[in-house]
Amino acid sequence: QVQLVESGGGLVQAGGSLRLSCAASGRTFSSYGMGWFRQAPGKEREFVAAIRWRGATTYYLDSVKGRFTISRDNAKNTVYLQMNSLKPEDTAVYYCAVDLRGGALLTDASYDYWGQGTQVTVSS
C-alpha cells in the first residue's frame, strides 16, 4: 500500500525558512514524478512544485520561483521542499503527491496518491 507522510511544517516569521519532507513507502518511487501542492483556507488546492523521477526536470508555481526548491533522494524514497524567504501568503496546508502514470505533473489530476498534509504558517 502506497503511503506518503509529510513533515517539517510549522510556524515561522516572514522571511524565514522551512524544509518540508515527504517520505514515501509501499513501492520504489525512483521512477515516478513527485509534487507539492498547497491549500489555504477558503481557497482551492494549488500546484507548488514538481520533480521528474530523475530529478533533472523541475516545475514551480511562478510566485515561488527563486524562493522554493524541490529535490529528491531516491535512495531514501523522500522528496523535499526547501522554502526560503517565506511570505504570509505562503500560509497553507502543504501536501505531497506521487504520479504513477507519467503525467504532466502540473495539476492534481496527474497524481495518484496524496499525503495527509503539513501546516505551514507564516506570520507577518
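Look up a bit, the structure's there.
Residues numbered from 1 in each chain as written. Predicted model: local features only at pLDDT ≥ 70, side-chain atom pairs only at ≥ 80, totals over all residues. Heavy atoms only, no water.

K.L.:
Give a detailed account of unusual backbone geometry, specifying residues and quantitative values.
P.N.:
Phi angles above zero are rare outside glycine, and Asn77 is one such case at about 55°. One can find Asn77 in the loop between strand S7 (68-73) and strand S8 (78-83). Phi angles above zero are rare outside glycine, and Leu105 is one such case at about 75°. Relative to the elements of secondary structure, Leu105 occurs in the loop between strand S9 (92-99) and strand S10 (113-114). On the accessibility criterion, Leu105 (0% relative accessible area) is buried. (Helix = DSSP H or I, 4+ residues; strand = E, 2+ residues; numbered from the N terminus. Buried < 20%, exposed > 50% of the residue type's maximum accessible area, 1.4 Å probe, protein only.)

K.L.:
Tell me what's going on with the side chain of Ser110, and back it up with residues and numbers.
P.N.:
Mapping Ser110 onto the fold places it in the loop between S9 and S10. Among the polar contacts listed, one links the side chain of Ser110 to the backbone nitrogen of Leu105, at a separation of 3.3 Å. Every residue in contact with Ser110, bar those within four places of it in the chain, is listed here: Asp99, Arg101, Gly103, Ala104 and Leu105. (Polar contact = N/O pair within 3.5 Å; in protein donor to acceptor, adjacent residues only side chain to side chain. Contact = heavy atoms within 4.5 Å.)

K.L.:
Tell me about the environment of Ala109, and name the residues and values.
P.N.:
You can see Ala109 is positioned in the loop between S9 and S10. Assessed through its relative accessible area of 58%, Ala109 is described here as exposed.

K.L.:
Describe the pairing of S8, with residues and values.
P.N.:
Summarising burial for S8: five of the six residues are buried, a large majority. Relative to S8, strand S3 (residues 18-25) runs antiparallel, the two sharing six bridges. Bridged to Arg19 within S8 is Gln82. In terms of strand pairing, S7 meets S8 through six bridges, oriented antiparallel. Within the sheet, the bridge partner assigned to Ser71 lies in S8 and is Tyr80. Connecting S7 to the next strand, S8, in antiparallel fashion are four residues, including Asn77 with a positive phi near 55°. (Pairing = 2+ DSSP bridges.)

K.L.:
Outline the pairing of S3, supporting the account with residue identities and numerical values.
P.N.:
As paired strands, strand S1 (residues 3-7) and S3 are joined by five bridges and run antiparallel to one another. Its bridge partner lying in S3, Glu6 is registered against Cys22.

K.L.:
Account for the sheet that holds S1, naming residues and giving values.
P.N.:
Backbone hydrogen bonds hold the strands of a sheet together, and the pairing may be parallel or antiparallel. On the basis of which strands lie adjacent, the open sheet formed by four strands has the order S1-S3-S8-S7 and antiparallel pairing. Single-partner strands in this sheet number two, and they are S1 and S7. The sheet shows a mean angle of 15° between the axes of neighbouring strands, direction not considered. (Axes fitted to C-alpha atoms, helices over the stretch in contact; angles between N-to-C directions.)

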